[in-house]
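What the coordinates show
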Amino acid sequence: MSLNYNYRIFDRYRKEVISAVIFTDTDAGYRPDRYLVNRWGFKHEMEFILVKLIDYRGRTDELEESSNPFALVVKAFLRYIEEKGELKKLYEAKRQLLNALFAENYSKRCIYALFRF
């Protein structure tokens, strides 16, 4: 739950935290922008920035031009939802992502972190 992460990061570093939620679903109409607990007279609400990866469909030129490693991850995700169920194509997409990250000279540590993400 985003609320817990937000507070734990603040508690540890004592810095202002801005939360963004990344949705990897394929339902274009599902766009929550808040988390709400409202029970027995207690109310706690958190609004957050929403990022939907499917919104990057049709923006491959923008992703190609970006130097941000997450642009490669978003491209891989979009390919994943296009190829869902096609294991050979999915394996090839993952291999291409790995090669692209190595070609951009990302460290093994960075690549591992991106794959974990």
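All of the points below concern the structure found in this document. (Residues numbered from 1 in each chain as written. Predicted model: local features only at pLDDT ≥ 70, side-chain atom pairs only at ≥ 80, totals over all residues. Heavy atoms only, no water.)

Further remarks concern the packing of aromatic side chains. The full count for this structure, using the stated rule, is two aromatic pairs. A ring pair is formed by Y7 and F10, whose centres lie 6.4 Å apart and whose planes are at 45 degrees; its orientation type is tilted. Here F10 and Y7 lie together in helix α1 (residues 2-13), a separation of three residues that amounts to about one turn. The class of Y7 is partly exposed, set by a relative accessible area of 48%. Between F23 and Y30 the ring centres are 5.6 Å apart and the planes differ by 75 degrees, which places this aromatic pair in the edge-to-face class. Stacked on the ring of W40, the Lys or Arg R39 has its end atom at 5.8 Å from the ring centre. (Phe/Tyr/Trp six-rings, centres within 6.5 Å; stacked < 30°, edge-to-face > 60°. Helix = DSSP H or I, 4+ residues; strand = E, 2+ residues; numbered from the N terminus. Buried < 20%, exposed > 50% of the residue type's maximum accessible area, 1.4 Å probe, protein only. Lys NZ or Arg CZ within 6 Å of the ring centre and 35° of its normal.)

Further remarks concern the side chain of K52. Within the fold, K52 resides in strand β4 (residues 49-52). Residue K52 is classed as buried on the basis of its relative accessible area of 2%. Reaching out from K52, the side chain makes a polar contact with the backbone oxygen of D27 at a distance of 2.7 Å. Apart from residues lying up to four places away in sequence, K52 is in contact with F23, D25, D27, Y30 and R31. (Polar contact = N/O pair within 3.5 Å; in protein donor to acceptor, adjacent residues only side chain to side chain. Contact = heavy atoms within 4.5 Å.)

To continue, consider the environment of L87. Mapping L87 onto the fold places it in helix α4 (residues 87-103). Looking at L87, the relative accessible area reads 65%, which means it is exposed. Considered as a pair, L87 and P69 are 18 residues apart in the sequence and their alpha carbons are 24 Å apart.

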